[in-house]
Amino acid sequence: MCGIGAFQIVRDEVDPAKVARVLLRLLEVRGKDASGVAWHKGGDTYICKENCAGADLARRLTKDIGTTGIVHTRWATKGSPTIAGNNHPIDAQGIVGVHNGHISNDDDLIKLCVDYKRQAQVDSEAIFALLGHAPKGWTLAQKVEQVQGNASLLWLASHDKSETLHASRLQSSPLVFGQTAKGSIIFASTKAILLETFRRCDLKVDFIHEMVQGTYLQAQGG
Ligand code: GLU
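**Considerations on the overall build of the protein**
Here is step 1: Counting secondary structure elements, the protein contains six helices and 12 strands.
Here is step 2: Against the 2.2 N^0.38 benchmark of 17 Å for 222 residues, the protein shows a C-alpha radius of gyration of 16 Å, consistent with a compact globule.
Here is step 3: Referenced to the eigenvectors of the C-alpha coordinate spread, the extents of the protein come out at roughly 45 × 35 × 35 Å.
Here is step 4: By residue count, 54% of the 222 residues in the protein fall in the buried class.

**Here we look at the site of the ligand**
Here is step 1: The environment of the ligand is made up of 14 residues, and the closest members are Met1, Cys2, Arg74, Thr77 and Gly101.
Here is step 2: Here an oxygen atom of the ligand and a backbone polar atom of Lys78 are 3.4 Å apart.
Here is step 3: A distance of 2.7 Å separates an oxygen atom of the ligand from a polar backbone atom of Gly101.

**As for the pattern of salt bridges**
Here is step 1: The full count for this structure, using the stated rule, is 10 salt bridges.
Here is step 2: As a salt-bridge pair, Lys32 and Glu28 come within 3.6 Å of each other at their nearest N and O atoms.
Here is step 3: A salt bridge links Asp108 to Lys111, with the shortest nitrogen-to-oxygen separation between them at 4.0 Å. You can see Asp108 and its partner Lys111 sitting in helix α3 (residues 106-112), three residues apart, about one turn around the helix.
Here is step 4: Overall, Asp108 belongs to the partly exposed group, its relative accessible area being 44%.
Here is step 5: Of the residues examined, Lys111 reaches a relative accessible area of 68% and is grouped as exposed.
Here is step 6: Each of Lys78, Asp106, Asp107 and Arg118 takes part in salt bridges that share partners, so that together they form one network.

**A word on the side chain of Thr73**
Here is step 1: Its place among the elements puts Thr73 in strand β4 (residues 68-74).
Here is step 2: Looking at Thr73, the relative accessible area reads 0%, which means it is buried.
Here is step 3: At a separation of 2.7 Å, a polar atom in the side chain of Thr73 contacts the main-chain carbonyl oxygen of Leu27.
Here is step 4: Other than its neighbours up to four places away in sequence, Thr73 contacts Cys2, Gly3, Leu24, Leu27, Glu28, Arg30, Gly31, Ala34, Ser35 and Gly54.

**Here's the deal with the packing of aromatic side chains**
Here is step 1: What the rule picks out here adds up to four aromatic pairs.
Here is step 2: Measuring from ring centre to ring centre gives 5.1 Å for Phe177 and Phe187, while their planes differ by 40 degrees; the resulting arrangement is tilted. One end of the pair, Phe177, is in strand β9 (residues 176-179); the other, Phe187, is in strand β10 (residues 185-188), and 10 residues separate them in sequence. Like Phe187, Phe177 is buried.
Here is step 3: Here the aromatic residues Phe177, Phe187 and Phe207 are joined through ring pairs into a cluster of three or more.

About the cut-offs
- Residues numbered from 1 in each chain as written.
- Predicted model: local features only at pLDDT ≥ 70, side-chain atom pairs only at ≥ 80, totals over all residues.
- Heavy atoms only, no water.
- Helix = DSSP H or I, 4+ residues; strand = E, 2+ residues; numbered from the N terminus.
- Rg over C-alpha atoms; globule rule 2.2 N^0.38 Å.
- Buried < 20%, exposed > 50% of the residue type's maximum accessible area, 1.4 Å probe, protein only.
- Near = heavy atom within 4 Å.
- Polar contact = N/O pair within 3.5 Å; in protein donor to acceptor, adjacent residues only side chain to side chain.
- Salt bridge = Lys/Arg side-chain N within 4 Å of Asp/Glu carboxyl O.
- Contact = heavy atoms within 4.5 Å.
- Phe/Tyr/Trp six-rings, centres within 6.5 Å; stacked < 30°, edge-to-face > 60°.

Structure (structure tokens):
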């Protein structure tokens, strides 16, 4: 039952590091084995993660981070949190993502990947590996249809200058987003955590949507 979150802040509405810290603290109830944040900045993608609870990482996250990012608090199902590669955000050589859920066919998913060497034991790595390393020509739908288990996913493509935020809810695991009137977007695992994040960041929700199973969306510039 990990916690996942994301943000895409426009027009300097709020400091993105503040949003990341609030999400880390609030999502901690969904898992304390490890926590992490990833963000786009200046054409690069950065990851900050540790095997500590979200509130602890939030205290250390003082950096000036980018305006589009993803957040995770982990309740480990497979792969020890003492090994950094098992903690999220997971860098699957081109795709940096966070996952809530459990995948039962992760070994099979890795076998489908082209030119990909598994880096850790966590099941989640297999989904992001397939997103970035599926056989040529596969659509996103073909990739996610291979996944057996539960998943809500948020991810960034490494070195993506457009700073696109990707979100998908496959099965069971919840995912909700809200948007301000100016266009900033925040995602969280639950509506209660999302609304409290808006409140603590002094942002007003204009629109809220609980993602339906089997859907994908992407956001650029809010
Ligand atoms: N299976 C993933 C992991 O072990 C996600 C866990 C979860 O959502 O509870 O990190």
